[in-house]
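Here is how the chains run, residue by residue.
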Amino acid sequence: MEKLARFALVGWLLSTAGVSAQAQSLDLEIARLLEAENGTACLPLLDGDPISVLTGQLAVICTRDSSGSSSDVSSSTGATVSGAILKSLQERLEALDTADAQAGHGFFMNVRSDREDRDITDFADGYSSERESLQIGYDQNVGQWVIGGTYQLSRQDGDFRGGGDFERDAHQWTLFAERNLGTRSNLSFYVGQTAQDNEQQRIAVYQDFDGGILEAEFLGTPESDFEIDQNIAGIAFNHVWTQGNFNYGPVLALDYRDIETNAYTEFEAVDSGLALNFDADDRRSVLATIGLEAQISLDTQLGRLHLFQFVRWQVELEEDQRRLEASFVGDTRNRRFEYLSETPDDDFILFGLAANLDLGSGWQAVISYQQLAGHSFLENRTLQAGLRWDF
(Lines give C-alpha, C1' and ligand atoms only; values in the text may rest on other atoms or scores of the structure.)
Protein backbone atom coordinates (compact mmCIF):
# COMPACT_ATOMS: atom_id res chain seq x y z
CA MET A 1 0.00 0.00 0.00
CA GLU A 2 1.16 3.52 -0.71
CA LYS A 3 2.70 5.27 2.28
CA LEU A 4 2.14 9.01 2.65
CA ALA A 5 3.83 11.11 5.34
CA ARG A 6 3.03 14.75 5.95
CA PHE A 7 4.69 17.43 8.03
CA ALA A 8 3.06 20.85 8.27
CA LEU A 9 5.71 23.16 9.62
CA VAL A 10 4.10 26.40 8.56
CA GLY A 11 0.38 25.82 8.69
CA TRP A 12 -0.45 23.68 5.64
CA LEU A 13 0.05 20.03 4.64
CA LEU A 14 2.47 18.82 1.98
CA SER A 15 2.65 15.36 0.42
CA THR A 16 6.04 13.66 0.72
CA ALA A 17 5.49 10.44 -1.18
CA GLY A 18 8.62 9.61 -3.17
CA VAL A 19 10.68 12.45 -1.67
CA SER A 20 14.36 12.44 -2.57
CA ALA A 21 17.12 12.61 0.01
CA GLN A 22 18.38 15.80 -1.65
CA ALA A 23 17.89 19.06 0.22
CA GLN A 24 14.39 20.47 -0.14
CA SER A 25 11.95 22.61 1.83
CA LEU A 26 12.09 22.28 5.61
CA ASP A 27 8.58 20.77 5.68
CA LEU A 28 9.43 18.04 3.19
CA GLU A 29 12.83 17.25 4.69
CA ILE A 30 11.37 16.70 8.18
CA ALA A 31 8.59 14.53 6.77
CA ARG A 32 11.22 12.41 5.00
CA LEU A 33 13.20 11.99 8.22
CA LEU A 34 10.20 10.94 10.31
CA GLU A 35 8.17 8.79 7.93
CA ALA A 36 7.71 5.06 8.55
CA GLU A 37 9.21 2.56 6.12
CA ASN A 38 8.47 -1.18 6.23
CA GLY A 39 6.81 -0.81 9.63
CA THR A 40 9.68 1.16 11.21
CA ALA A 41 9.59 4.92 11.76
CA CYS A 42 12.41 7.47 11.44
CA LEU A 43 14.93 5.25 9.68
CA PRO A 44 16.49 8.20 7.77
CA LEU A 45 16.81 10.19 11.01
CA LEU A 46 18.33 7.33 13.04
CA ASP A 47 20.70 6.38 10.21
CA GLY A 48 21.61 3.07 11.87
CA ASP A 49 21.82 4.40 15.45
CA PRO A 50 19.66 2.97 18.28
CA ILE A 51 16.47 4.71 19.38
CA SER A 52 18.21 5.63 22.64
CA VAL A 53 19.90 8.56 20.88
CA LEU A 54 16.49 10.29 20.83
CA THR A 55 14.77 11.71 23.89
CA GLY A 56 11.32 12.86 24.99
CA GLN A 57 8.44 12.98 22.55
CA LEU A 58 10.77 12.65 19.56
CA ALA A 59 11.55 9.11 20.77
CA VAL A 60 7.79 8.47 21.04
CA ILE A 61 7.26 9.58 17.44
CA CYS A 62 10.03 7.27 16.28
CA THR A 63 8.83 4.19 18.20
CA ARG A 64 5.39 4.09 16.58
CA ASP A 65 4.74 0.92 14.55
CA SER A 66 3.16 0.67 11.11
CA SER A 67 -0.34 0.96 12.59
CA GLY A 68 0.55 4.34 14.05
CA SER A 69 0.54 3.21 17.69
CA SER A 70 3.32 4.05 20.14
CA SER A 71 4.23 3.35 23.72
CA ASP A 72 3.07 6.76 24.94
CA VAL A 73 1.28 9.56 23.11
CA SER A 74 0.68 12.63 25.24
CA SER A 75 -2.79 14.18 24.92
CA SER A 76 -1.23 17.60 25.19
CA THR A 77 -0.06 17.41 21.56
CA GLY A 78 -3.47 18.61 20.41
CA ALA A 79 -2.47 22.29 20.53
CA THR A 80 -3.75 24.45 17.67
CA VAL A 81 -1.69 27.67 17.83
CA SER A 82 0.20 27.94 14.56
CA GLY A 83 2.70 30.03 12.64
CA ALA A 84 5.95 29.92 10.65
CA ILE A 85 9.58 29.69 11.65
CA LEU A 86 11.24 30.57 8.43
CA LYS A 87 12.49 34.09 8.11
CA SER A 88 10.74 36.48 5.96
CA LEU A 89 12.43 38.72 3.73
CA GLN A 90 14.20 41.48 5.79
CA GLU A 91 13.12 45.13 5.01
CA ARG A 92 15.29 46.92 2.48
CA LEU A 93 16.73 50.30 3.60
CA GLU A 94 14.97 53.01 1.64
CA ALA A 95 16.80 55.87 -0.04
CA LEU A 96 17.44 58.75 2.32
CA ASP A 97 15.54 61.85 1.21
CA THR A 98 17.74 64.61 2.59
CA ALA A 99 16.59 67.94 1.19
CA ASP A 100 19.23 70.52 0.36
CA ALA A 101 19.91 72.47 3.53
CA GLN A 102 19.18 76.17 3.14
CA ALA A 103 21.09 76.84 6.38
CA GLY A 104 24.07 75.07 7.93
CA HIS A 105 22.12 72.53 9.95
CA GLY A 106 18.97 70.45 9.60
CA PHE A 107 16.89 68.33 11.95
CA PHE A 108 14.15 65.99 10.72
CA MET A 109 11.69 63.49 12.16
CA ASN A 110 9.50 60.96 10.32
CA VAL A 111 6.77 58.56 11.38
CA ARG A 112 6.01 55.63 9.14
CA SER A 113 3.38 52.92 8.88
CA ASP A 114 3.84 49.79 6.74
CA ARG A 115 1.37 47.11 5.80
CA GLU A 116 3.26 44.01 4.68
CA ASP A 117 1.62 40.78 3.47
CA ARG A 118 3.31 37.58 2.39
CA ASP A 119 1.85 34.75 0.31
CA ILE A 120 2.32 31.10 1.26
CA THR A 121 5.07 29.41 -0.76
CA ASP A 122 6.65 25.95 -0.76
CA PHE A 123 9.32 27.24 1.64
CA ALA A 124 7.52 29.47 4.15
CA ASP A 125 4.13 30.33 5.59
CA GLY A 126 2.42 33.55 4.58
CA TYR A 127 1.52 36.33 6.97
CA SER A 128 -0.14 39.70 7.32
CA SER A 129 1.62 42.34 9.39
CA GLU A 130 1.88 45.98 10.36
CA ARG A 131 5.05 47.90 11.15
CA GLU A 132 5.27 51.25 12.91
CA SER A 133 8.52 53.25 12.80
CA LEU A 134 9.94 56.47 14.19
CA GLN A 135 13.03 58.05 12.63
CA ILE A 136 14.99 61.08 13.77
CA GLY A 137 17.96 62.58 11.97
CA TYR A 138 20.40 65.46 11.72
CA ASP A 139 22.56 66.80 8.90
CA GLN A 140 24.84 69.77 8.23
CA ASN A 141 26.83 71.38 5.45
CA VAL A 142 30.57 70.66 5.48
CA GLY A 143 32.18 72.36 2.52
CA GLN A 144 30.58 70.93 -0.62
CA TRP A 145 29.15 67.99 1.34
CA VAL A 146 26.02 67.41 3.39
CA ILE A 147 26.70 64.82 6.08
CA GLY A 148 24.38 63.42 8.71
CA GLY A 149 22.92 60.47 10.50
CA THR A 150 19.62 58.86 11.45
CA TYR A 151 18.26 56.59 14.17
CA GLN A 152 15.16 54.50 13.54
CA LEU A 153 13.09 52.44 15.96
CA SER A 154 10.46 50.06 14.57
CA ARG A 155 8.12 47.29 15.66
CA GLN A 156 6.45 44.77 13.37
CA ASP A 157 3.53 42.65 14.61
CA GLY A 158 2.14 39.92 12.41
CA ASP A 159 -0.16 36.92 12.20
CA PHE A 160 0.75 33.86 10.17
CA ARG A 161 -1.71 32.57 7.61
CA GLY A 162 -1.90 29.28 9.46
CA GLY A 163 -2.37 30.99 12.84
CA GLY A 164 0.20 32.01 15.43
CA ASP A 165 2.06 35.30 15.48
CA PHE A 166 5.40 37.07 15.62
CA GLU A 167 6.92 40.30 16.90
CA ARG A 168 10.06 41.99 15.57
CA ASP A 169 11.73 44.99 17.23
CA ALA A 170 14.52 46.72 15.28
CA HIS A 171 17.02 49.52 15.99
CA GLN A 172 18.84 51.05 13.04
CA TRP A 173 21.70 53.57 12.87
CA THR A 174 22.68 55.16 9.55
CA LEU A 175 25.38 57.63 8.51
CA PHE A 176 25.11 59.36 5.14
CA ALA A 177 26.93 61.89 2.97
CA GLU A 178 25.96 63.56 -0.27
CA ARG A 179 27.27 66.25 -2.58
CA ASN A 180 26.31 67.96 -5.79
CA LEU A 181 28.25 67.20 -8.95
CA GLY A 182 27.88 70.43 -10.84
CA THR A 183 24.40 71.98 -10.92
CA ARG A 184 22.35 69.02 -12.16
CA SER A 185 23.76 65.86 -10.56
CA ASN A 186 24.02 64.47 -7.04
CA LEU A 187 25.99 61.61 -5.48
CA SER A 188 25.14 60.09 -2.08
CA PHE A 189 26.47 57.31 0.17
CA TYR A 190 25.28 55.60 3.33
CA VAL A 191 26.43 52.95 5.80
CA GLY A 192 24.54 51.55 8.76
CA GLN A 193 23.70 48.73 11.13
CA THR A 194 20.43 47.14 12.22
CA ALA A 195 19.81 44.96 15.28
CA GLN A 196 16.52 43.05 15.27
CA ASP A 197 14.97 40.98 18.09
CA ASN A 198 12.50 38.30 16.96
CA GLU A 199 9.89 36.40 18.95
CA GLN A 200 7.52 33.98 17.27
CA GLN A 201 5.37 30.91 17.75
CA ARG A 202 4.52 28.31 15.12
CA ILE A 203 2.62 25.08 14.78
CA ALA A 204 4.41 21.85 13.93
CA VAL A 205 2.23 18.98 12.68
CA TYR A 206 3.43 15.57 11.59
CA GLN A 207 0.86 13.21 10.03
CA ASP A 208 1.50 9.68 8.76
CA PHE A 209 -0.99 8.20 6.27
CA ASP A 210 -1.28 4.70 4.84
CA GLY A 211 -3.59 4.31 1.85
CA GLY A 212 -5.37 7.54 2.72
CA ILE A 213 -5.92 6.47 6.35
CA LEU A 214 -4.37 8.60 9.09
CA GLU A 215 -2.16 6.31 11.16
CA ALA A 216 -0.42 8.82 13.44
CA GLU A 217 -0.53 12.53 14.19
CA PHE A 218 1.76 14.63 16.38
CA LEU A 219 1.33 18.34 17.02
CA GLY A 220 3.25 21.01 18.90
CA THR A 221 3.64 24.76 19.31
CA PRO A 222 7.38 25.55 19.43
CA GLU A 223 8.40 29.11 20.31
CA SER A 224 11.64 30.91 19.52
CA ASP A 225 13.52 34.06 20.42
CA PHE A 226 16.47 35.03 18.25
CA GLU A 227 18.44 37.98 16.83
CA ILE A 228 19.21 39.16 13.32
CA ASP A 229 22.02 41.67 12.66
CA GLN A 230 22.46 43.59 9.42
CA ASN A 231 25.32 45.64 8.00
CA ILE A 232 24.16 47.89 5.18
CA ALA A 233 25.79 50.24 2.68
CA GLY A 234 24.80 51.95 -0.53
CA ILE A 235 25.55 54.51 -3.20
CA ALA A 236 23.13 56.48 -5.38
CA PHE A 237 23.45 58.89 -8.32
CA ASN A 238 20.76 61.10 -9.77
CA HIS A 239 20.64 63.67 -12.54
CA VAL A 240 18.02 66.39 -13.06
CA TRP A 241 16.72 68.15 -16.13
CA THR A 242 14.61 71.27 -15.69
CA GLN A 243 11.81 72.75 -17.78
CA GLY A 244 10.27 75.72 -16.02
CA ASN A 245 8.94 74.52 -12.66
CA PHE A 246 9.15 70.86 -13.72
CA ASN A 247 12.20 68.71 -12.83
CA TYR A 248 12.81 65.10 -13.87
CA GLY A 249 15.68 62.70 -14.22
CA PRO A 250 17.13 59.20 -13.73
CA VAL A 251 18.28 57.53 -10.51
CA LEU A 252 20.91 54.78 -10.29
CA ALA A 253 21.63 53.02 -7.00
CA LEU A 254 23.41 50.01 -5.53
CA ASP A 255 22.54 48.67 -2.06
CA TYR A 256 24.47 46.02 -0.11
CA ARG A 257 23.22 44.03 2.87
CA ASP A 258 25.00 41.42 5.00
CA ILE A 259 22.35 39.70 7.14
CA GLU A 260 23.39 37.40 10.00
CA THR A 261 20.83 35.28 11.85
CA ASN A 262 22.18 33.91 15.11
CA ALA A 263 21.80 30.22 15.95
CA TYR A 264 18.83 29.49 18.21
CA THR A 265 16.87 26.68 19.85
CA GLU A 266 13.09 26.40 19.99
CA PHE A 267 11.37 25.70 23.30
CA GLU A 268 7.99 24.29 24.27
CA ALA A 269 5.86 24.24 27.43
CA VAL A 270 4.94 20.64 26.57
CA ASP A 271 7.37 18.53 24.56
CA SER A 272 5.99 17.59 21.13
CA GLY A 273 9.20 16.12 19.74
CA LEU A 274 9.07 18.56 16.83
CA ALA A 275 11.09 21.50 18.22
CA LEU A 276 14.26 22.30 16.29
CA ASN A 277 17.75 23.76 16.68
CA PHE A 278 18.64 26.17 13.86
CA ASP A 279 22.23 26.87 12.87
CA ALA A 280 23.42 30.41 12.21
CA ASP A 281 22.83 31.78 8.73
CA ASP A 282 24.68 34.50 6.84
CA ARG A 283 23.29 35.86 3.59
CA ARG A 284 24.31 38.71 1.32
CA SER A 285 22.25 40.84 -0.99
CA VAL A 286 23.28 43.31 -3.69
CA LEU A 287 20.32 45.23 -5.07
CA ALA A 288 20.64 47.38 -8.19
CA THR A 289 18.12 50.16 -8.85
CA ILE A 290 17.24 52.00 -12.04
CA GLY A 291 14.56 54.65 -11.62
CA LEU A 292 12.94 57.82 -12.79
CA GLU A 293 11.89 60.74 -10.58
CA ALA A 294 9.82 63.82 -11.39
CA GLN A 295 8.97 66.97 -9.42
CA ILE A 296 6.76 69.98 -10.00
CA SER A 297 6.70 73.06 -7.76
CA LEU A 298 3.67 75.29 -7.18
CA ASP A 299 3.02 78.45 -5.15
CA THR A 300 0.10 78.12 -2.70
CA GLN A 301 -1.36 80.25 0.07
CA LEU A 302 0.34 77.99 2.61
CA GLY A 303 3.74 78.14 0.95
CA ARG A 304 5.78 76.60 -1.84
CA LEU A 305 4.46 73.08 -2.62
CA HIS A 306 6.65 70.44 -4.24
CA LEU A 307 4.98 67.33 -5.69
CA PHE A 308 7.10 64.24 -6.38
CA GLN A 309 6.57 61.00 -8.24
CA PHE A 310 9.00 58.13 -8.70
CA VAL A 311 9.24 54.60 -10.08
CA ARG A 312 12.20 52.26 -9.48
CA TRP A 313 13.03 48.89 -10.98
CA GLN A 314 15.14 46.84 -8.57
CA VAL A 315 17.17 43.75 -9.49
CA GLU A 316 18.81 41.29 -7.08
CA LEU A 317 22.39 40.54 -8.18
CA GLU A 318 23.79 38.39 -5.36
CA GLU A 319 21.29 36.60 -3.12
CA ASP A 320 20.16 33.13 -4.16
CA GLN A 321 18.52 30.11 -2.61
CA ARG A 322 20.76 28.65 0.11
CA ARG A 323 21.24 25.35 1.96
CA LEU A 324 20.52 25.74 5.67
CA GLU A 325 20.98 23.34 8.58
CA ALA A 326 18.88 22.33 11.59
CA SER A 327 18.50 19.44 14.04
CA PHE A 328 15.84 18.09 16.38
CA VAL A 329 16.03 19.29 19.98
CA GLY A 330 15.26 15.72 21.07
CA ASP A 331 18.22 14.24 19.16
CA THR A 332 21.16 13.83 21.57
CA ARG A 333 23.57 13.51 18.61
CA ASN A 334 22.55 16.95 17.35
CA ARG A 335 22.53 15.34 13.91
CA ARG A 336 22.04 18.09 11.35
CA PHE A 337 19.96 17.88 8.22
CA GLU A 338 19.84 20.28 5.29
CA TYR A 339 16.92 22.16 3.81
CA LEU A 340 16.51 24.98 1.31
CA SER A 341 15.77 28.63 2.03
CA GLU A 342 13.19 30.69 0.17
CA THR A 343 14.08 31.57 -3.41
CA PRO A 344 14.49 35.37 -3.54
CA ASP A 345 12.60 37.35 -6.15
CA ASP A 346 15.02 38.53 -8.81
CA ASP A 347 13.31 41.81 -9.64
CA PHE A 348 10.37 44.01 -8.66
CA ILE A 349 9.16 47.60 -8.83
CA LEU A 350 8.70 50.37 -6.26
CA PHE A 351 6.58 53.40 -7.04
CA GLY A 352 5.40 56.31 -4.95
CA LEU A 353 4.10 59.84 -4.53
CA ALA A 354 5.15 62.59 -2.12
CA ALA A 355 4.27 66.18 -1.27
CA ASN A 356 6.63 68.63 0.45
CA LEU A 357 5.39 72.00 1.72
CA ASP A 358 7.72 74.87 2.64
CA LEU A 359 6.19 76.44 5.76
CA GLY A 360 8.68 79.29 6.15
CA SER A 361 11.29 80.00 8.84
CA GLY A 362 13.20 76.89 7.73
CA TRP A 363 10.30 74.48 8.31
CA GLN A 364 9.11 71.83 5.82
CA ALA A 365 6.35 69.23 6.07
CA VAL A 366 6.27 66.08 3.94
CA ILE A 367 3.88 63.20 3.36
CA SER A 368 4.54 60.25 1.07
CA TYR A 369 3.11 56.93 -0.11
CA GLN A 370 5.08 54.01 -1.52
CA GLN A 371 4.02 50.61 -2.85
CA LEU A 372 5.77 47.43 -3.92
CA ALA A 373 4.62 45.89 -7.22
CA GLY A 374 5.52 42.82 -9.24
CA HIS A 375 7.00 40.82 -6.34
CA SER A 376 6.35 37.08 -6.54
CA PHE A 377 5.19 36.62 -2.92
CA LEU A 378 5.40 39.92 -1.03
CA GLU A 379 3.14 42.99 -0.88
CA ASN A 380 4.05 46.21 0.91
CA ARG A 381 2.38 49.60 1.24
CA THR A 382 4.00 52.45 3.17
CA LEU A 383 2.65 55.78 4.40
CA GLN A 384 5.09 58.29 5.87
CA ALA A 385 4.83 61.81 7.29
CA GLY A 386 7.53 64.08 8.67
CA LEU A 387 8.85 67.51 9.58
CA ARG A 388 12.19 69.13 8.80
CA TRP A 389 13.76 72.24 10.31
CA ASP A 390 16.77 73.98 8.73
CA PHE A 391 18.61 76.42 10.97
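This text follows the structure it describes.
Residues numbered from 1 in each chain as written. Predicted model: local features only at pLDDT ≥ 70, side-chain atom pairs only at ≥ 80, totals over all residues. Heavy atoms only, no water.

Visitor: Break down the overall build of the protein chain for me, with residues and values.
Guide: Within the protein chain, the regular secondary structure consists of 3 helices and 22 strands. For the protein chain, the residues scored as buried account for 48% of the 391 residues in total. For the protein chain, long-range pairs separated by at least 24 residues make up 64% of all intrachain contacts whose partners lie at least 6 apart in sequence. (Helix = DSSP H or I, 4+ residues; strand = E, 2+ residues; numbered from the N terminus. Buried < 20%, exposed > 50% of the residue type's maximum accessible area, 1.4 Å probe, protein only. Contact = heavy atoms within 4.5 Å.)

Visitor: Mind laying out the pairing of strand 17 (residues 304–316), listing which residues take part and the relevant values?
Guide: The pairing of strand 16 (residues 281–299) with strand 17 spans 13 bridges and is antiparallel. The partner of Leu298 across the bridge, within strand 17, is Leu305. Hairpin connection between strand 16 and strand 17: a loop of 4 residues separates the two successive antiparallel strands, and Gly303 in this loop has a positive phi of roughly 145°. Pairing geometry for strand 17 and strand 20 (residues 347–360), over 11 bridges, is antiparallel. When the sheet's bridge partners are listed, Leu307 is paired in strand 20 with Ala355. (Pairing = 2+ DSSP bridges.)

Visitor: Requested: an account of the environment of Gly360, with residues and values cited.
Guide: Note on placement: Gly360 falls in strand 20. Spatially, the C-alpha atoms of Gly360 and Gly303 are 7.3 Å apart, while their sequence positions differ by 57 residues.

Visitor: Got a sec to walk through the pattern of salt bridges? Specific residues and values, please.
Guide: Scanning all chains against the criterion turns up 27 salt bridges. The salt bridge partner of Arg155 is Glu167, with a shortest N-O separation of 3.4 Å. Taken as a pair, Arg155 in strand 6 (residues 145–160) and Glu167 in strand 7 (residues 165–181) lie far apart in primary sequence, 12 residues in all. In this structure Arg155 comes out as partly exposed when scored by relative accessible area, which is 40%. For Glu167, a relative accessible area of 25% gives the class partly exposed. Between Asp299 and Arg304 there is a salt bridge, with the nearest N and O atoms lying 2.9 Å from each other. Residue classification places Arg304 among the partly exposed residues on the basis of a relative accessible area of 31%. Residues participating in the shared-partner salt-bridge network are Arg115, Asp117, Glu130, Glu379 and Arg381. (Salt bridge = Lys/Arg side-chain N within 4 Å of Asp/Glu carboxyl O.)

Visitor: Break down the nonpolar core for me, with residues and values.
Guide: One finds Leu34, Leu45, Leu54, Phe328 and Phe337 to be the most contacted residues of the largest nonpolar core, which totals 32 residues. Once residues within four sequence positions are removed from consideration, Leu45 is found in contact with Leu33, Leu34, Leu54, Leu58, Cys62, Phe328, Asp331, Arg333 and Arg335. Counting 10 residues, the second largest nonpolar core, distinct from the first, contains Tyr127, Leu287, Phe348 and Leu378. (Core = buried A, V, L, I, M, F, W, Y, C linked by side-chain atoms within 4.5 Å.)

Visitor: Break down helix 1 (residues 26–34) for me, with residues and values.
Guide: Most of helix 1 sits out of view: 8 of its 9 residues are buried. All of the buried residues along helix 1 are Leu26, Asp27, Glu29, Ile30, Ala31, Arg32, Leu33 and Leu34.

Visitor: Residue-level account of the environment of Asp281, with values.
Guide: Here Asp281 lies in strand 16. At a separation of 2.6 Å, a polar atom in the side chain of Asp281 contacts the side chain of Arg322. (Polar contact = N/O pair within 3.5 Å; in protein donor to acceptor, adjacent residues only side chain to side chain.)

Visitor: Which residues make up the sheet that holds strand 19 (residues 337–340), and what values do they have?
Guide: Think of a sheet as strands paired side by side through backbone hydrogen bonds, with each pair either parallel or antiparallel. Spatial ordering of the open sheet is given by 14-15-18-19, a layout of 4 strands whose pairing is antiparallel. Two strands bound the open sheet, and with one partner strand each, they are strand 14 (264–265) and strand 19. Where strand 15 (residues 276–278) and strand 18 (residues 323–328) come together, 3 bridges link them in antiparallel fashion. Following the sheet pairing, Leu276 is matched in strand 18 by Phe328. Strands strand 15, strand 18 and strand 19 of the sheet are contacted by helix 1, whose axis makes an angle of about 150° with strand 19. (Axes fitted to C-alpha atoms, helices over the stretch in contact; angles between N-to-C directions.)

Visitor: Please provide a residue-by-residue account of unusual backbone geometry, values included.
Guide: You will see that Cys42, though not glycine, has its phi angle at about 65°, which is positive. Looking at the element boundaries, Cys42 is found in the loop between strand 3 (40–41) and helix 2 (43–46). Of note, the phi angle at Asp47 is positive, near 50°, even though the residue is not glycine. Among the structural elements, Asp47 can be located in the loop between helix 2 and helix 3 (56–61).

Visitor: Residues and numbers for the state of the cysteines, please.
Guide: This model, assessed by the stated rule, comprises 1 disulfide. Across the disulfide from Cys42 sits Cys62; the S-S distance is 2.0 Å. A torsion of -80° about the S-S bond marks the disulfide between Cys42 and Cys62 as left-handed. On the criterion of sequence distance, the pair formed by Cys42 in the loop between strand 3 and helix 2 and Cys62 in the loop between helix 3 and strand 4 (105–118) is long-range, its members being 20 residues apart. The two residues Cys42 and Cys62 agree in class, both being buried. (Disulfide = S-S within 2.5 Å.)

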